[in-house]
Amino acid sequence: MPACQAKPAAPEGGDSKSTVRGRAATPAQTKALQQLIQKMPGVQEVHFEDQAAAYENFKETFKDNQALVGATRVEDMPQSFRIKLNADAVVSEVVAELRRQPGVAQVVSDQCLTDRAALATDFGLHLPDEVVCPGGA
């Protein structure tokens, strides 16, 4: 299930494809992205997670590490879409399409995360998604 984090937004008066590092996607980019995702073949469900919800999930995940939780602010969290795909969906096509969209900084596929974790655990290899999942999966 890919999740996309908000990409820095276009500068004032700039092209929607250009970005300024460190700025969140604009509301228009977020809305357009959600509409695109909902229409994509293979998408079963999509959920937008704003910074506040991401922070609550972060706090729950790291509740045993209060130093980390205490050093992290809501503003540090990315906006993201959590997408559930049908079993027959072509993950690489969904990921490739999302990576091309304005407002998208990163697409993370659970499939790649699992493969990367196995390579790290079994062989001590730490490889980027592009190597582990060529073609964008």
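How each quantity is defined
- Residues numbered from 1 in each chain as written.
- Predicted model: local features only at pLDDT ≥ 70, side-chain atom pairs only at ≥ 80, totals over all residues.
- Heavy atoms only, no water.
- Phe/Tyr/Trp six-rings, centres within 6.5 Å; stacked < 30°, edge-to-face > 60°.
- Buried < 20%, exposed > 50% of the residue type's maximum accessible area, 1.4 Å probe, protein only.
- Helix = DSSP H or I, 4+ residues; strand = E, 2+ residues; numbered from the N terminus.
- Arc of directions from axis to C-beta.
- Core = buried A, V, L, I, M, F, W, Y, C linked by side-chain atoms within 4.5 Å.
- Expected span 1.5 Å × (residues − 1).

Undergrad: Please explain the packing of aromatic side chains as it appears in this structure.
TA: How two aromatic rings sit relative to each other is set out by the distance from centre to centre and by the angle between their planes. Overall, the coordinates contain 2 aromatic pairs when judged by the stated rule. Ring centres of Phe-58 and Phe-62 lie 4.8 Å apart, and the angle between their planes is 45°; this geometry places the pair in the tilted category. We classify Phe-58 as buried; its relative accessible area is 14%. With a relative accessible area of 34%, Phe-62 lands in the partly exposed category.

Undergrad: Explanation requested: helix H4 (residues 91-99) in the structure shown.
TA: Turn by turn, an α-helix covers 3.6 residues, leaving residues three or four places apart pointing in a common direction. Inspection of H4 places Val-91, Val-94, Val-95 and Leu-98 among the buried residues, and these make up the whole buried set. Buried residues in H4, looked at end-on, bunch into an arc of 95°, giving them a common side.

Undergrad: Help me understand the nonpolar core, please; the structure alone is not making it clear to me.
TA: The biggest cluster of nonpolar side chains holds 14 residues, and the ones touching the most others in it are Leu-33, Ile-37, Met-40, Val-43, Ile-83, Leu-85 and Leu-98. When contributions to this core are tallied by element, the ones reaching two or more residues are helix H1 (27-39), strand S3 (80-85), H4 and strand S4 (104-109). Considering every element that reaches this core, the biggest residue donor is H4, with 4 residues. Among the nonpolar cores identified, the runner-up in size contains 5 residues, and Tyr-55, Phe-58, Val-69 and Met-77 belong to it.

Undergrad: Hey, could you run me through helix H5 (residues 110-123) in this one?
TA: The first and last C-alpha atoms of H5 sit 19 Å apart over 14 residues, in line with the 20 Å expected at 1.5 Å per residue. Downstream of H5 by one or two residues, Gly-124 has phi in the positive range, about 70°.

Undergrad: I would appreciate a short explanation of the environment of Lys-31 in the present structure.
TA: Looking at where Lys-31 falls in the secondary structure, it is placed in helix H1. Along the backbone, Lys-31 and Phe-48 are 17 residues apart, and their C-alpha atoms lie at a distance of 9.9 Å.

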